[in-house]
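Spelled out from the first residue to the last, the chains are:
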Amino acid sequence: MSKNKKIILSALLLALLIILSRFLSIKTPIVTISFSFVPTMLCAIWLGPKWTVLINVLADLIGATLFPFGSFFIGYTITTAVAALIYGVLLFKKEEDTYTEKQFIIRVLLACILVTGIANIGLNTLWLSITTGKAFMVLIASRLVKELVMIPIKVITIIFLERALRKPFNKYLRGQND
C-alpha cells in the first residue's frame, strides 16, 4: 500500500476513533462503554503497530484538547498506546493471506484478552484510582464485569467487520492501482 493511501486511511480511522470515543459513547465516572475499539483494531489489522499507536495517541490528545471530559491525564494516553501496540503486534496482516482464519480468530481473542487485562482493567483502573482517590480494589470490581462482557462483543464485531471489509480493502487499498 502506498504512503498516500496509508495517510488517507489513517486520517479516516482517526476521525472515526474520535467520533466513536467522544460522541457515541456512554460515560460514567468509573465505566465507559463505546465502540472506539473498532477503528483501532481495523488500523492494527491493516496498517500495523506503528500507525495504530500513532492514531490512538493522536485521537486521545485531539479528543482531550477539543472535546474534554475532565482534566487531561497522561496515564490514559499511555494506556491507549499500550492497547494499540498489543493490537498492532497481534493483528497486523502484512499480506492478504498472512495467517489462516482460525489463527486470526485466536489472535483477535488473545489481543482482546491482553488489552482487557493489561490496559483496561490494570492501567485504566490504576489511573482512575489516582485521579479519583478511590481504592483500586473497589474500582476494579465494578469495572471487571463490564470488561468481561465486552470481550466477546469485541471479538465477534471485529471478526465480522474484517470479513466484510476484506475484499474492498484488498481490491482498493492493497491493489496495485496506486
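Each chain carries its own residue numbering, running from 1 in the written order of its sequence. pLDDT decides what is reported in this predicted model: residues at 70 or higher carry local features, side-chain atom pairs at 80 or more are listed and counted, and totals for whole chains, interfaces and linings draw on all residues regardless. Just so you know, side-chain values use all the structure's heavy atoms and leave hydrogens and water out.

Structural notes on empty space enclosed by the protein
Link 1 in the chain: Put simply, the grid is 1 Å and covers the protein atoms alone, a cavity is a trapped set of points that fit a 1.4 Å probe, a pocket is an open set with protein on both sides within 12 Å along at least five of seven lines, and lining residues have an atom within 4 Å of a point. Grid points are joined across faces, edges and corners, and a volume is the space filled by probe spheres set on the points. A full pass over the atoms with the stated rule returns 1 cavity of 30 Å³ or more.
Link 2 in the chain: If you add up the space inside the largest cavity, you get close to 60 Å³.
Link 3 in the chain: Lining the largest cavity are Ile 45, Trp 46, Lys 93, Glu 96, Glu 162, Arg 166, Phe 169, Asn 170 and Arg 174.
Link 4 in the chain: Residue assignment for the lining of the largest cavity shows that the elements contributing at least two residues are α2 (37-47) and α6 (136-173). Only runs of H or I of at least four residues qualify as helices and only runs of E of at least two qualify as strands under DSSP, and these elements are numbered from the N terminus.

Side note on the state of the cysteines
Link 1 in the chain: In this description, the term disulfide denotes a pair of cysteine sulfurs within 2.5 Å. For the structure on display, the rule yields 0 disulfides.
Link 2 in the chain: Lacking any disulfide linkage, Cys 43 is separated from the closest cysteine sulfur, that of Cys 112, by 15 Å.
Link 3 in the chain: Categorising residues by exposure relies on relative accessible area from a 1.4 Å probe, with only protein chains included: less than 20% of the type maximum marks a residue as buried, more than 50% marks it as exposed, and the intermediate range marks it as partly exposed. Judged by its relative accessible area of 0%, Cys 112 falls in the buried class.

Some remarks on the packing of α2 against helix α3 (residues 49-66)
Link 1 in the chain: All axes here are fitted lines through C-alpha atoms, helices being fitted over the stretch that makes contact, and every angle between N-to-C directions spans 0 to 180 degrees. In the contact formed by α2 and α3, the axes pass within 7 Å of each other and the chain directions differ by 150 degrees. Overall, the two elements α2 and α3 adopt an arrangement that is roughly antiparallel. Two packed elements cross with a definite hand, and for α2 against α3 that hand is right-handed. Judged by residue contacts, Thr 40, Cys 43, Ala 44 and Leu 47 of α2 engage Pro 49, Trp 51, Thr 52, Ile 55 and Asn 56 from α3.
Link 2 in the chain: Residue polarity is assigned by list, with Asp, Glu, Lys and Arg as charged and Ala, Val, Leu, Ile, Met, Phe, Trp, Tyr, Cys and Pro as nonpolar; anything else, Gly included, falls into the polar class. Classifying every residue of the contact of α2 with α3 gives 6 nonpolar, 3 polar and no charged. Each angle receives one of four descriptions, namely roughly parallel if under 35 degrees, roughly antiparallel if over 145, roughly perpendicular if within 65 to 115, and oblique otherwise. Crossing handedness: left-handed means the near helix sits turned counterclockwise from the far one by under a right angle, and right-handed means the same turn made clockwise. Any two residues having at least one pair of non-hydrogen atoms within 4.5 Å are treated as being in contact.

Details of the environment of Thr 132
Link 1 in the chain: Here Thr 132 is to be found in helix α5 (residues 101-132).
Link 2 in the chain: Among the residues examined, Thr 132 registers a relative accessible area of 41% and is labelled partly exposed.
Link 3 in the chain: Sequence spacing of Thr 132 and Leu 90 is 42 residues, and the spatial spacing of their C-alpha atoms is 33 Å.
Link 4 in the chain: Within polar-contact distance, the side chain of Thr 132 engages the backbone oxygen of Leu 128 at 2.6 Å. Polar contact is the term for a pair of N or O atoms within 3.5 Å; when the atoms are in protein, one must be able to donate a hydrogen and the other to accept it, and sequence-neighboring residues count only if both atoms are side-chain atoms.

Brief notes about the nonpolar core
Link 1 in the chain: Core analysis: the largest hydrophobic core is formed by 36 residues, its most contacted members being Met 41, Trp 46, Tyr 87, Leu 91 and Val 108.
Link 2 in the chain: Those elements giving two or more residues to this core turn out to be α1 (3-22), α2, α3, α4 (74-91), α5 and α6. Residues belong to a common nonpolar core when they are buried Ala, Val, Leu, Ile, Met, Phe, Trp, Tyr or Cys residues joined through side-chain atoms within 4.5 Å.

Looking at α3
Link 1 in the chain: Between its terminal C-alpha atoms α3 stretches 25 Å, which fits the 26 Å expected from 18 residues at 1.5 Å a residue.
Link 2 in the chain: Taken together, the buried positions of α3 are Trp 51, Thr 52, Ile 55, Asn 56, Ala 59, Asp 60, Gly 63 and Ala 64.
Link 3 in the chain: Contact partners of the buried residues in α3: α1, α2 and α4. In this scheme, a helix's expected span is set at 1.5 Å multiplied by one less than its residue total.

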